[in-house]
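Topology and contacts: notes
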Amino acid sequence: MREYSGMTTIGLVLSAGGFSGAAHHSGVLDALSSVTGWDSRTSDVVVGTSAGSLIAVSLRAGISPHDLACYYTDDTPRPMVAVTGIIPEGQFDGSSFAERTSQIHPDPWPEKPTWLCALDLDSGKRVVFGRDDVEVDVGTAVQASSAIPGRFIPVNLNGRRYIDGGVHSLTNADLLAPLQLDLVIISSSSTLTGSHRNSSLSVAWNSRTLQKEIEQIRSNGTEVLTFEPTTSDLLARNELESSKEAAEDIFRRSKTSAIARLAKPQSSRARELLEKSLLQI
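Since the model is a prediction, treat every value here as computed from it, not as a measurement.

**Things to note about the pattern of salt bridges**
This model, assessed by the stated rule, comprises eleven salt bridges. In this structure, Asp132 and Arg131 form a salt bridge, with 2.8 Å as the shortest nitrogen-oxygen distance. A relative accessible area of 42% places Arg131 in the partly exposed class. Across the pair Arg269 and Glu272 runs a salt bridge, and its minimum N-O distance is 3.3 Å.

See below:
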């Protein structure tokens with residue numbers, strides 16, 4: 001894609017992560033917008049898994065990073081911006097995912113490439129709605145991508161049962177490796193690729209998976225910019241309950257960590273590409 005287009009191409013990956021994932025992504029995207037001026041709505045392709053699928057569709061519906069941030073900063077957002085409000089409470093069929101997503105994005109599917117990941121429960125294989133030959137509307141795709149095993153029943157679609165794509169991978173970033181984009185930005189809410197040795201088994205496993213995905217992407221010459229919580233960020237989350245106040249704390253920590261990440265010399269090439277992309281608008 002890089003050589004074919006002659007334009008700077010950018011892919012965005014939004015991981016699974018529940019209510020903390022939505023807050024983490026919102027903080028990262030707000031930091032990117034504030035520091036670099038880059039608007040994540042312009043991504044050439046977005047990969048979303050579980051909570052990340054909610055944010056992906058919101059961006060494709062035209063909701064800006066600032067609007068997403070408003071939920072956590074008590075500013076006044078546009079209608080339907082409180083993305084975390086579409087997470088169902090006590091509705092174990094998960095149907096409110098589909099209903100509220102369809103309200104945010106009434107069209108059957110976004111015009112720009114939007115890949116939402118789920119797992120086919122019967123075959124055990126990953127399914128990528130928006131890329132694979134599966135007929136589905138965006139609301140049902142988000143519901144399937146967010147059907148956490150043990151919490152929500154699988155989504156039945158055309159005789160197949162689908163569950164949360166995070167079962168395969170929290171990020172599914174490897175999907176972008178063959179595209180040979182200029183830059184892939186990964187917002188991963190529950191990994192520590194740089195320092196996971198003393199972390200929990202799940203964090204260590206997911207971190208190793210993401211590291212392999214990053215290596216796949218880089219093997220094709222693509223720059224990768226990854227935003228993860230710090231060790232202290234994750235430790236702080238363990239003390240929090242699922243509440244508006246907790247989400248606000250995660251958002252603030254995520255934005256602060258993302259700004260610090262962008263200031264590091266290792267991020268200079270990615271920032272150059274983001275700045276170059278702004279000239280194409």
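Once the structure has been displayed, the description carries forward.
**As for unusual backbone geometry**
Despite not being glycine, Ser50 shows a phi value in the positive range, around 55 degrees. As for its position among the elements, Ser50 is in the loop between strand S2 (45-49) and helix H3 (51-60). Under the relative-accessibility criterion, Ser50 is labelled buried at 5%. In this structure, Asn172 is a non-glycine residue whose phi angle is positive, near 55 degrees. Positionally, Asn172 belongs in the loop between strand S6 (160-164) and strand S7 (183-187). Of the residues examined, Asn172 reaches a relative accessible area of 0% and is grouped as buried.

**Description of H3**
A large share of H3 lies buried, amounting to ten of its ten residues. Along H3, the residues that are buried comprise Ala51, Gly52, Ser53, Leu54, Ile55, Ala56, Val57, Ser58, Leu59 and Arg60. One or two positions beyond H3, positive phi appears at Gly62, with a value near 100 degrees.

**Some words on the side chain of Ser189**
As for its position among the elements, Ser189 is in the loop between S7 and helix H7 (201-218). Exposure remark for Ser189: the relative accessible area of 0% places this residue in the buried category. Polar side-chain contacts of Ser189 include one of 2.9 Å to the backbone oxygen of Ala16. A distance of 3.3 Å separates the side chain of Ser189 from the side chain of Ser190, its partner in a polar contact. In this structure, Ser189 is in contact with Ser15, Ala16, Gly17, Gly21, His24, Pro229, Leu234 and Arg237, ignoring residues within four places of it in sequence.

Cut-offs applied
Going along each chain's sequence as written, the residues are numbered from 1 onward. Residue-level local features of this predicted model are given only where pLDDT is at least 70; pairs of side-chain atoms are given and counted only at 80 or more, and the full residue set underlies all totals for whole chains, interfaces and linings. Neither water nor hydrogens contribute to the side-chain values; these are computed over all heavy atoms in the structure. Salt bridges, as used here, are contacts in which a Lys or Arg side-chain nitrogen is within 4 Å of a carboxyl oxygen on Asp or Glu. Buried, partly exposed and exposed residues are distinguished by accessible area as a fraction of the type maximum, computed with a 1.4 Å probe on protein chains only: under 20%, between the cut-offs, and over 50%, respectively. In this description a helix means any DSSP run of H or I spanning at least four residues, a strand means any run of E spanning at least two, and both kinds are numbered starting from the N terminus. Definition of a polar contact: a pair of N or O atoms within 3.5 Å, with one able to donate and the other able to accept a hydrogen when the atoms are protein atoms, and with sequence-neighbouring residues admitted only if both atoms are side-chain atoms. The contact criterion used is simple: two residues touch if any of their non-hydrogen atoms lie within 4.5 Å.

Note that all results are geometric; they support no functional claim without further evidence.
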